[in-house]
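Here is what each chain is made of, one letter per residue.
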Amino acid sequence: MINALHGSVREIHPDYITVLTPGGVEYRLEVSRNTSDKIASMPQDERGRIRLLAYLQHREDAMTLFGFLSEEERFCFEQLQTVPGIGARQAIKILSGITVQNLVRALDSQDVKTLAKVSGIGPKTAQKLVLQLRNVLVLEEEGEESSPSGPLEAHEYRDMVDSFVSMGHDRRLVVRTLSEVLKENEEKLKAGDYRTLEPMIFSVMLKRLS
């Protein structure tokens, strides 16, 4: 599996970019317009040493590589495809019409009207998104400081969050509690490996959520 590409941006188009890797291989990555706009606004030296997260769609008739600047956007892209009727291209189209933060806020507030206005969604799909993803894609509450886990739980904590959700806890409460625990143990996390600290984090979370 291709997790990420490192290299220099050669071409920037609204819907895709090309990246030349140090090994001399040039890749074309389909991207959201929000991502292509951000890349286009980067200074030349940043575009010359970019790291793009990737998602490879492998079908019988084609292989398509999608690119993302953040784990949050890739996670949203993956989760959008779990909704019946939404494929990879429609997911990237949705992320072209709304930012990750605004998408999650609309889901959290069940703002079907805002979602329905996004190209590639529509009223029926907007309802499906709210029903299926409202408690999956979450942001920290307004006014809270950003934690090491970022606006969506970081990849390494996702399994832990899912475990607590499967126990019946509200995902937003789990993410908020995790943010607090990570902030309190920030120095330990900087000094040690997450895997060695995971049992301690899980134990603290379990006590606070019980």
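Residues numbered from 1 in each chain as written. Predicted model: local features only at pLDDT ≥ 70, side-chain atom pairs only at ≥ 80, totals over all residues. Heavy atoms only, no water.

Draft legend 1. Up close: the overall build of the protein. Scanning the protein from N- to C-terminus turns up 11 helices and five strands. For the protein, with 210 residues in total, the buried portion stands at 43%. Relative to all contacts within the protein whose residues are 6 or more apart in sequence, the contacts with residues 24 or more apart total 52%. Per element, the accessible surface of the protein, about 11,400 Å² overall, is 49% carbon and sulfur. (Helix = DSSP H or I, 4+ residues; strand = E, 2+ residues; numbered from the N terminus. Buried < 20%, exposed > 50% of the residue type's maximum accessible area, 1.4 Å probe, protein only. Contact = heavy atoms within 4.5 Å. Areas by Shrake-Rupley, 256 points an atom, 1.4 Å probe, with all protein chains shown as cover.)

Draft legend 2. Structural detail: the packing of aromatic side chains. For the structure shown, the criterion picks out five aromatic pairs. When the centroid spacing of 5.0 Å and the interplanar angle of 50° are considered together, the rings of F68 and F77 count as tilted. In this structure F68 comes out as buried when scored by relative accessible area, which is 0%. Through pairs of rings, three or more aromatic residues link up here, namely Y55, F66, F68 and F77. Over the ring of Y16 we find R28, and its NZ or CZ is 3.5 Å from the ring centre. (Phe/Tyr/Trp six-rings, centres within 6.5 Å; stacked < 30°, edge-to-face > 60°. Lys NZ or Arg CZ within 6 Å of the ring centre and 35° of its normal.)

Draft legend 3. Highlighting the nonpolar core. If you look at the biggest cluster of nonpolar residues, it comprises 30 residues, and the most contacted ones within it are F77, L80, L107, L115, L129 and L133. Of all the secondary-structure elements, those providing two or more residues to this core are strand 5 (63-68), helix 3 (71-80), helix 4 (88-97), helix 5 (100-108), helix 6 (112-116) and helix 7 (122-133). Counting 14 residues, the second largest nonpolar core, distinct from the first, contains Y157, M160, L178 and L197. (Core = buried A, V, L, I, M, F, W, Y, C linked by side-chain atoms within 4.5 Å.)

Draft legend 4. The arrangement of the packing of helix 3 against helix 4 in detail. Across the interface, helix 3 lies against helix 4 with an axial gap of 9 Å and an inter-helix angle of 130°. Here helix 3 lies oblique to helix 4, going by the angle between them. Handedness of the helix 3/helix 4 crossing: right-handed. Only A88, A91, I92, I94 and L95 of helix 4 make contact with helix 3, whose side of the interface consists of E73, C76, F77 and L80. The residue inventory of the contact of helix 3 with helix 4, partitioned by class, reads eight nonpolar, no polar and one charged. (Axes fitted to C-alpha atoms, helices over the stretch in contact; angles between N-to-C directions. Parallel < 35°, antiparallel > 145°, perpendicular 65-115°, else oblique. Left-handed = near helix turned anticlockwise from the far one by under 90°. Nonpolar A, V, L, I, M, F, W, Y, C, P; charged D, E, K, R; others polar.)

Draft legend 5. Quick look at helix 7. With 12 residues, helix 7 ought to run about 16 Å at 1.5 Å a step, and its terminal C-alpha atoms sit 16 Å apart, in line with that. Every buried residue belonging to helix 7 is among G122, T125, A126, L129, V130 and L133, and all of these are buried. Mapping the buried residues of helix 7 onto a view down its axis gives an arc of 140°, with all of them on the same face. The exposed residues of helix 7 that point more than 90 degrees off its buried face are P123, K124 and L131. (Expected span 1.5 Å × (residues − 1). Arc of directions from axis to C-beta.)

Draft legend 6. Up close: the pattern of salt bridges. Going through the model one piece at a time under the given rule, you end up with seven salt bridges. Of the charged contacts, one joins E30 and R89 as a salt bridge, the two residues approaching to 3.8 Å between their closest N and O atoms. You can see E30 sitting in strand 3 (residues 26-30) and its partner R89 sitting in helix 4, a full 59 residues away along the chain. For E30, a relative accessible area of 12% corresponds to the buried category. One salt bridge in this structure joins R49 and D45, with 3.6 Å as the shortest N-O distance. We classify R49 as exposed; its relative accessible area is 58%. Taken together, the shared-partner salt bridges connect R28, E30 and R89 into one network. (Salt bridge = Lys/Arg side-chain N within 4 Å of Asp/Glu carboxyl O.)

Draft legend 7. Geometry of the confidence of the model for the protein. Averaged over all residues, the pLDDT of the protein equals 84, while 89% of them reach at least 70. The spread of mean pLDDT over the elements of the protein runs between helix 10 (residues 186-191), the lowest at 74, and strand 3, the highest at 96. Every residue in residues 141-151 scores below 50 in pLDDT, and together they form 21 contacts with partners more than four places removed in sequence or on other chains. (pLDDT = per-residue confidence, 0-100.)

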